[in-house]
Amino acid sequence: MQYESERIEYKSQMINDIYKEVIAFANTGGGIIYIGVDDKGNLTGIDDVDETYTRLTNGIRDAIVPDVTMFVRYVLRENRIIQIEVGEGSYKPYYLKSKGMKPSGVYVRQGASSVQASPDQIRRMIKDSDGDVFEEMRAITQELSFDETERTFKRYKVDFSEEKYIALGMRNIHDDQYTNLAILLSDQCQHTTKIAVFGDEANITFRDAKEFGGSIFKQLDDSYAYLTLCNRTVATFKGLERVELPDYPEEALREALLNALVHRDYSFSGSIIINVNDSCIEFISIGGLLPGLSADDIRSGISQPRNRKLAEVFHRLKLIESYGTGIRKIYAVYKDCSVQPRIEVTANTFKLVLPNMNANAEAAETALATTENPPVVITPQMKTVMDYLADYGEMTDEDLQELLNIKKTRAYLLARQMHENGLIDITGRGASKKYKLCNASQA
């Protein structure tokens, strides 16, 4: 016999410890286990080969998840020895059913020993086996509850039961384990949404900050409720009619928040960041654009969902329509606004900026009111009056009314407007009132 090595393990008798050796070989590169040989390679034999063989085969079938039996071959050798040939499994990580898919249940081969796998090793095995689609990978945490998701489905009158888990993408079909999508929908979701309110446009001076966790449905409700509190309403008058306008259209807030929750890259552990100040709201989600897409594509409504199954869940609840419509809706509600929404993309972030409609309207009005030497618009009637004064030097109220064929009130308003704009001078009062070109107009 050889010494124990990375591919060889000896056991003098059948003990439960044998399962971790099978798991380690299946997770690493395969190997052979001999039962009936001690650690030094001496033949000891098995007291009851038939009973040991039955217990061994049943135990490997029942104690290890996923099913590893297709990669295990048993050979009964002379001298009452059982040889177990374990091939490398194709659906790693394999683990003890009683411990779950965590370090205490997952083993790998390290030299001549079988040791617990690290969380990083487990994640790497999942990625290698399940592919690179985060939401479809098996979740490391399997103790999950879905109280909030159940309430949300009930609110939107959509059936939610364990029979639907596989169809929704919350469980996989190989070993009925929860996926990462299930974690996002669960009450144990570790991703959060952070909202900060600032007193300046540089986002330095804090006014308030909140962090919302739990199921992403809970984050959606809590975050939207808080943003609604931040969305002030400004009242204006159009004639006798009172008009109330929110800083941000409700539909734009809703679509921006949904876009951040549905399309962020959940393979990173950071939070969605929402910054609120007096001029805009920034929605910053982790994960840049998928390869082949540009910011212009997104504005045009072209979309490649990063989390397809998550988007399908939101679509099933009618929280979103089809891919790409949310951004188009946002630009549609801002079509008459002087400042448009912005999309800013880096390699690892996606930022959507919604302008404060009322703040931008106020800024435009202030700029107009404070403009020095605003341009004077000369109407055809004004031009006629100025040409007359250039030829005859002065005119009376009666001359003005007769020249333009207008009534006294209209003549008065026109003369006052021309005077305020610096086009004519007014001398005298009543019957002696005269109009002349001012010096600047003559020049």
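Our structure's up above, just so we're on the same page.
No experiment lies behind these values; they were computed from the predicted model shown. (Residues numbered from 1 in each chain as written. Predicted model: local features only at pLDDT ≥ 70, side-chain atom pairs only at ≥ 80, totals over all residues. Heavy atoms only, no water.)

Caption draft 1: Expanded view of the overall build of the protein chain. Along the backbone of the protein chain there are 16 helices and 18 strands. When its C-alpha atoms are laid out on the principal axes, the protein chain stretches across 140 × 45 × 35 Å. Across the 443 residues of the protein chain, 44% fall into the buried class. Counting contacts in the protein chain only where the partners sit at least 6 residues apart, residues at least 24 apart contribute 60% of the total. (Helix = DSSP H or I, 4+ residues; strand = E, 2+ residues; numbered from the N terminus. Buried < 20%, exposed > 50% of the residue type's maximum accessible area, 1.4 Å probe, protein only. Contact = heavy atoms within 4.5 Å.)

Caption draft 2: Representation of helix α7 (residues 216-230) in the model. In a regular helix each residue adds 1.5 Å, so 15 residues correspond to 21 Å; α7 covers 21 Å between its end C-alpha atoms and thus fits that length. All buried positions along α7 are accounted for by Ile 216, Phe 217, Gln 219, Leu 220, Ser 223, Tyr 226, Leu 227 and Cys 230. (Expected span 1.5 Å × (residues − 1).)

Caption draft 3: Just the environment of Leu 354, in detail. Note on placement: Leu 354 falls in strand β16 (residues 349-355). The exposure class of Leu 354 is buried, given its relative accessible area of 0%. Separated by 13 residues in sequence, Leu 354 and Pro 341 have C-alpha atoms that sit 4.9 Å apart. Not counting chain neighbours up to four residues away, the residues in contact with Leu 354 comprise Tyr 248, Ala 252, Leu 253, Ala 256, Ser 279, Cys 280, Ile 281, Phe 283, Ile 330, Tyr 334 and Pro 341.

Caption draft 4: Broad picture of the sheet that holds strand β5 (residues 81-86). Within the open sheet, the four strands sit side by side as β1-β2-β5-β4. Their pairing is mixed. Two strands in the sheet have a free side with no partner beyond their single neighbour: β1 (8-11) and β4 (72-77). In this sheet, adjacent strand axes meet at a mean angle of 20° when their direction is disregarded. Sheet strands touched by helix α1 (residues 18-27): β1, β2 (31-35), β4 and β5. Its angle to β2, the strand with the most contacts, is close to 165°. (Pairing = 2+ DSSP bridges. Axes fitted to C-alpha atoms, helices over the stretch in contact; angles between N-to-C directions.)

Caption draft 5: Geometry of the side chain of Ser 114. With respect to the secondary-structure elements, Ser 114 resides in strand β8 (residues 113-116). Here Glu 21 takes part through its side chain, which lies 2.5 Å from a polar atom of the side chain of Ser 114. Within polar-contact distance, the side chain of Ser 114 engages the side chain of Arg 109 at 2.8 Å. Excluding residues within four positions of it along the chain, Ser 114 makes contact with Lys 20, Glu 21, Ala 24, Tyr 107, Val 108 and Arg 109. (Polar contact = N/O pair within 3.5 Å; in protein donor to acceptor, adjacent residues only side chain to side chain.)

Caption draft 6: Spatial organisation of the layout of surface pockets. When its volume is computed, the largest pocket comes out at roughly 580 Å³. Arg 123, Phe 134, Asn 180, Tyr 266 and Ser 267 are the residues nearest the centre of the largest pocket, which is lined by 20 residues in total. Secondary-structure elements contributing two or more residues to the lining of the largest pocket are α3 (119-130) and α6 (180-185). A class-by-class count of the residues in the lining of the largest pocket yields nine nonpolar, seven polar and four charged. (1 Å grid on protein atoms, 1.4 Å probe; cavity = no way out; pocket = protein on both sides within 12 Å on 5 of 7 lines; lining within 4 Å. Points joined across faces, edges and corners; volume = space filled by probe spheres on them. Nonpolar A, V, L, I, M, F, W, Y, C, P; charged D, E, K, R; others polar.)

Caption draft 7: Spatial organisation of unusual backbone geometry. Following Val 65, the chain continues into Pro 66 via a peptide bond in cis, with omega recorded as -10°. With respect to the helices, strands and loops of the structure, Pro 66 is situated in the loop between β3 (64-65) and β4. A positive phi is found at Lys 157, a non-glycine position, where the angle reads about 60°. Inspection of the secondary structure assignment puts Lys 157 in the loop between α4 (147-155) and α5 (165-168). Notably, Asn 203 is not glycine yet its phi reads approximately 55°, a positive angle. Mapped onto the elements of the fold, Asn 203 is located in the loop between β9 (193-198) and β10 (206-212).

Caption draft 8: Seen up close, the state of the cysteines. Evaluated as defined, the whole model comprises zero disulfides. The closest cysteine sulfur to the non-disulfide-bonded Cys 280 is located on Cys 337, 12 Å from its own sulfur. (Disulfide = S-S within 2.5 Å.)

Caption draft 9: Spatial organisation of the sheet that holds strand β14 (residues 280-286). Strand order in the open sheet formed by six strands is β10-β9-β13-β14-β16-β15, with mixed pairing between adjacent strands. The sheet terminates laterally at β10 and β15 (342-345), the two strands that pair on one side only. Neighbouring strand axes in the sheet, compared pairwise and without regard to direction, differ in orientation by 15° on average. Two strands pair when backbone bridges link them, and β14 and β16 are joined in this way by seven bridges, in the antiparallel orientation. Following the sheet pairing, Cys 280 is matched in β16 by Pro 355. Packing of α7 onto the sheet brings it into contact with β9, β10, β13 (272-276) and β14, and relative to β9 it is tilted by some 10°.

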